[in-house]
Amino acid sequence: MNNTILNSYSGIKSHQFGLDSISNNIANVNTTGYRENIPEFKSLLSEHIDSINSNTVSSDRNFGTTVSSNAISTKSGNYKPSEGEFDMAYNGKGWFVVGKNEKGSLTIEEDGYEGEQENYFTRDGSFSRDSEGYLVNSSGYYVYGVDLGKIQGNVLTDKSVEEDKKALKANKLTPLKIPQNIIYQPTQTTKVELSLNLNTQKDSTLLENYLFDKNGNFLEQELKNLDVNALFNNEKQPLDARVNNDIRIRINQNDEEKEYIFKYSPKKELGENEFHSIEDLQKLFKEQTGLELDVERNAEGVPAKPLAFELKNTQDDMQLTLGGKFIDRLGLTLSNMPIKNNEAQRSNALYIASYTTNAEIFDDNGDKFYIKTEYYLNETGNNIENVNQKWTTRTQIYDKDYKEFEEKVYETNLEFNSDHQAVKKEPLEIDFKNAKISYSFDGVGEDLSSNLGYQDSALLKTQADGRTEGKLSEIRVDEDGIIKLYFTNGAETPVGRVGIVAFSNDQGLKKAGSNMFEISQAIDNNGDNKILSGAPILGWDDMGEGKLKFGHIMHKYLETSNTDVTSALTNLILMQRGYSMNAKAFNAGDDLMKEAINLKR
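The following refers to the structure shown. (Residues numbered from 1 in each chain as written. Predicted model: local features only at pLDDT ≥ 70, side-chain atom pairs only at ≥ 80, totals over all residues. Heavy atoms only, no water.)

1. Section: the pairing of strand 21 (residues 246–253)
In plain terms, the rule: DSSP bridges decide pairing: two strands pair if at least two such bridges lie between them. Runs of H or I in DSSP of at least four residues are treated as helices and runs of E of at least two as strands, each being numbered from the N terminus.
By the bridge criterion, eight bridges tie strand 21 to strand 22 (residues 256–264) in an arrangement that is antiparallel. Note that in strand 22 the partner of Ile 251 across the bridge is Lys 258. For strand 21 and strand 26 (residues 318–323), the ladder comprises five bridges, and the chain directions are antiparallel. Its bridge partner lying in strand 26, Arg 250 is registered against Thr 321.

As structure tokens, then:
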């Protein structure tokens, strides 16, 4: 047999292999996640021909061709939207992990891996849920990932954010299970954080609400210490004592006329004839004019509601003139008003800057209650930046009908700095149904409470860990593969993440059918058993924030086959022509053999 027949025969076999590979790529052009093969050939044998010219290195001849590889194309396919609840695509270097049974696992270490059964790898993310709630692929193989173990039966019990973050970086992958009828188990509130803005110029309440406690006792010391600039008049306009800062007094008494000017100081360190608190103003009136400034009281000395200022003459009869911006704002302007001994002039009702927040809390049965906090401005600050601005806070628990549930009132202060941000303090510890709630209103994480004057008083953000019972309403998978469940009670929580692994050499994987690949091993030149693809590499950062390292997940998308149809058809024609030419060469070799045989005749 001559070499022409041998060469053409090997060419026919090789091109037939190429035709088979390319036709298979074309057949799978609509197979989700399919990875096309790229057939490659090499020279079969080579012989140096010394008889031609021993000094010419190119004096050789080859004997046919053979298949060198049928490489896997690692380029990505296209991504198309899908309506499947658990359909997903992975964009980047890596693979989904699946296994045959629900007890399997794959543990990935830095120096290797360990699996309790055969594991497979796929780019086909057309996943669904089987009758038991397990995520499976189209072949019924279980989808592996990190299961946070929050679901027992149909009940989900939530964990802390810190626990979730740590658990989501685990290196052991097991089948994922998400039943349909999951119920969010009621959890008792143990922590509440609020972030709010308090505007000193916007919201107010009657002064009596601040100066009477829940038992009806009048708080004399709070009255004395109160910053005058915290007050509003009966039209609910702030007195704004920094601008409306003067009180002008003229007294005609016993044929003698005296004039006085008092001024408001934003600082507690007072100059001559200056006042800051109500007690300061009371002293100025008493010591310089002989008039007594107080809130209006009844015969028993109990302040009358609604609270208002009362200016009383405890001396001889006089004619009193009151004026100035502060008095005008207060509505107590007088002009030569005759006032006899023990007579008094009364202002209109007084208000104080205030705001109220309510936050939902829950007991261990999921019953709803409220933490109500009232904020009263008692110190506007010692300069225009409101440094050391303070609000008195009173917190109490109410039931769902806003009736007092816990009698105890928790009182503390909320203070702001020159950056208009709340000064962080230790949270309040509030008793609630034989448990404790950590409660803070100075901010949620980095979102601190503020006292911005250009923003209305408002509750900006609430974060609490308690919930009432809820039913599963939606499932989402984020770009890091974290599966999040959303419930009718407003809760959202991660329950696990889809497993992603990568390999140093994807070409070392072996096709296992059903659009899946598996790890293969071979003996290397040193006689050692070697994993051709390299050991699996965990797809996420297990030391940092746990984000995917080599790509990202696209929920409700599927990756199409990466077969390039145009290129495949072109290569199919080339393979066909190559096959035909090798067939002609075979015929030529056969004819030569026939002539050689006929020479004997």
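2. Remarks on the packing of aromatic side chains
Under the convention used in this document: Pairing of aromatic side chains here covers Phe, Tyr and the six-membered ring of Trp, requires ring centres within 6.5 Å, and sorts the geometry by plane angle: under 30 degrees stacked, over 60 edge-to-face, intermediate tilted. Only protein chains enter the area calculation, which uses a 1.4 Å probe; residues under 20% of their type maximum are buried, those over 50% are exposed, and those in between are partly exposed. The criterion is that NZ of a Lys, or CZ of an Arg, lies within 6 Å of the ring centre and within 35 degrees of the ring normal, and then a charge sits over that ring.
In this structure the tally under the stated criterion is 17 aromatic pairs. Seen in terms of ring centroids, Phe 121 and Phe 503 are 5.0 Å apart; in terms of plane orientation they differ by 85°. Their pairing is edge-to-face. With Phe 121 in strand 10 (residues 119–122) and Phe 503 in the loop between strand 41 (500–502) and strand 42 (509–513), this residue pair connects regions lying 382 residues apart in the sequence. Classification of Phe 121 as buried rests on a relative accessible area of 1%. Among the aromatic side chains, those forming a connected cluster through ring pairs are Tyr 264, Phe 275 and Phe 326. Cation over ring: Lys 372 sits above Tyr 398, and NZ or CZ is 5.3 Å from the ring centre. Looking at Arg 476, its charged tip hangs above the ring of Tyr 486, at a distance of 4.2 Å from the centre.

3. Topic: the sheet that holds strand 24 (residues 291–295)
In plain terms, the rule: In this analysis an axis means a line fitted to C-alpha atoms, helices contributing only their contacting stretch, and an angle means the value between N-to-C directions, from 0 to 180 degrees. When checking whether two residues touch, look at their non-hydrogen atoms; a contact exists if any pair is within 4.5 Å.
Strand order in the open sheet formed by three strands is 24-25-28, and the pairing between neighbours is antiparallel. Strands with a single pairing partner mark the edges of an open sheet, and in this sheet they are strand 24 and strand 28 (344–349). With direction set aside, neighbouring strand axes in the sheet form an average angle of 15°. Judged from the five bridges that link them, strand 24 and strand 25 (residues 308–313) form a sheet pairing that is antiparallel. Paired with Asp 294 across the two strands is Glu 310, which belongs to strand 25. Sheet contacts for helix 5 (residues 278–289): strand 24 and strand 25; angle to strand 24, the most-contacted strand, approximately 155°.

4. Here's the deal with the nonpolar core
Selection rule: What makes a nonpolar core is a set of buried Ala, Val, Leu, Ile, Met, Phe, Trp, Tyr and Cys residues whose side-chain atoms join them at distances within 4.5 Å.
With 68 residues, the main nonpolar core has Tyr 375 and Tyr 439 as its most contacted residues. No other element matches strand 29 (residues 351–362), which puts six residues into this core. Core analysis: the next-biggest nonpolar cluster, separate from the first, contains 51 residues, Leu 173, Leu 176, Tyr 184 and Ile 482 among them.

5. Thoughts on a negative patch on the surface
Counted only if it meets this: Here, patches come from residues exposed beyond 30% relative accessible area and free of salt bridges, joined within 9 Å for like charges and within 5 Å for nonpolar side chains (Val, Leu, Ile, Met, Phe, Trp, Tyr). Accessibility throughout is a Shrake-Rupley quantity obtained with a 1.4 Å probe, and a residue counts as covered only by protein chains that appear here. A pairing counts as a salt bridge when a side-chain nitrogen of Lys or Arg comes within 4 Å of a carboxyl oxygen of Asp or Glu. The charged-residue count follows a simple rule in which Lys and Arg add positive charge and Asp and Glu add negative charge, with His and chain termini not counted at all. All charge positions are set by atom: Lys at NZ, Arg at CZ, Asp at CG, Glu at CD.
Where like charges cluster on the molecular surface, the negative patch consists of Glu 109, Glu 110, Asp 111, Glu 114, Glu 116 and Asp 542. Within the secondary structure, Glu 109 sits in strand 8 (residues 106–109).

6. Structural notes on the sheet that holds strand 33 (residues 428–432)
Adjacent strands of a sheet form backbone hydrogen bonds with each other and so pair up, either parallel or antiparallel. Read from one edge to the other, the open sheet built from four strands follows the order 33-34-18-37, with strand pairing classed as mixed. The outermost strands of the open sheet, each flanked by one partner alone, are strand 33 and strand 37 (458–464). Recorded for the sheet is a direction-independent mean angle of 25° between the axes of neighbouring strands. In the sheet, strand 18 (residues 191–197) pairs with strand 37 via six bridges, with the strands oriented antiparallel. The residue bridging Ser 195 from the neighbouring strand is Lys 461, located in strand 37.

7. Notes on the packing of helix 1 (residues 3–27) against helix 7 (residues 565–599)
We count it as follows: Here the angle decides the label: under 35 degrees means roughly parallel, over 145 means roughly antiparallel, 65 to 115 means roughly perpendicular, and every other value means oblique. Here is the rule for handedness: rotate from the far helix to the near one, and if that takes an anticlockwise turn smaller than a right angle the crossing is left-handed, while a clockwise turn gives right-handed. Note that Gly is not counted as nonpolar here; it falls among the polar residues with everything else outside the nonpolar set of Ala, Val, Leu, Ile, Met, Phe, Trp, Tyr, Cys and Pro and the charged set of Asp, Glu, Lys and Arg.
Where helix 1 contacts helix 7, the two axes come as close as 8 Å, and the packing angle between them is 160°. Put simply, helix 1 runs roughly antiparallel to helix 7. Read as a crossing pair, helix 1 and helix 7 show a hand that is left-handed. Among the residues forming the contact of helix 1 with helix 7, the class breakdown is 15 nonpolar, twelve polar and one charged.

8. Considerations on the pattern of salt bridges
Within the structure shown, the criterion is met by 27 salt bridges. Among the ionic pairs, Lys 547 bridges to Asp 480, the shortest N-O distance being 3.6 Å. Of this pair, Lys 547 sits in the loop between strand 46 (537–538) and strand 47 (551–555) while Asp 480 sits in the loop between strand 38 (470–477) and strand 39 (482–487), placing them 67 residues apart in sequence. Residue Lys 510 is joined to Glu 518 by a salt bridge in which the shortest nitrogen-to-oxygen separation is 3.8 Å. Given a relative accessible area of 42%, Lys 510 falls into the partly exposed group. Connected through salt bridges with shared partners, the residues Arg 35, Arg 123 and Glu 559 form a single ionic network.

9. Comments concerning helix 7
To keep it simple, the criterion reads: How far a helix is expected to stretch is found by multiplying one less than its residue total by 1.5 Å. Throughout this description, a polar contact denotes any pair of N or O atoms lying within 3.5 Å of each other; where both atoms belong to protein, one of them has to be capable of donating a hydrogen while the other can accept it, and for residues adjacent in sequence the pair is counted only when both atoms sit in side chains.
If you check helix 7, its first and last C-alpha atoms are 51 Å apart, about what 35 residues at 1.5 Å a residue would give, namely 51 Å. Listing the buried residues of helix 7 in full gives Ala 568, Met 575, Gly 578, Asn 582 and Gly 589. Check the buried side of helix 7 and you find it contacts helix 1 and strand 1 (37–43). The backbone nitrogen of Thr 566 has a side-chain oxygen 3.2 Å away, supplied by the residue at the start of helix 7, namely Asp 564.

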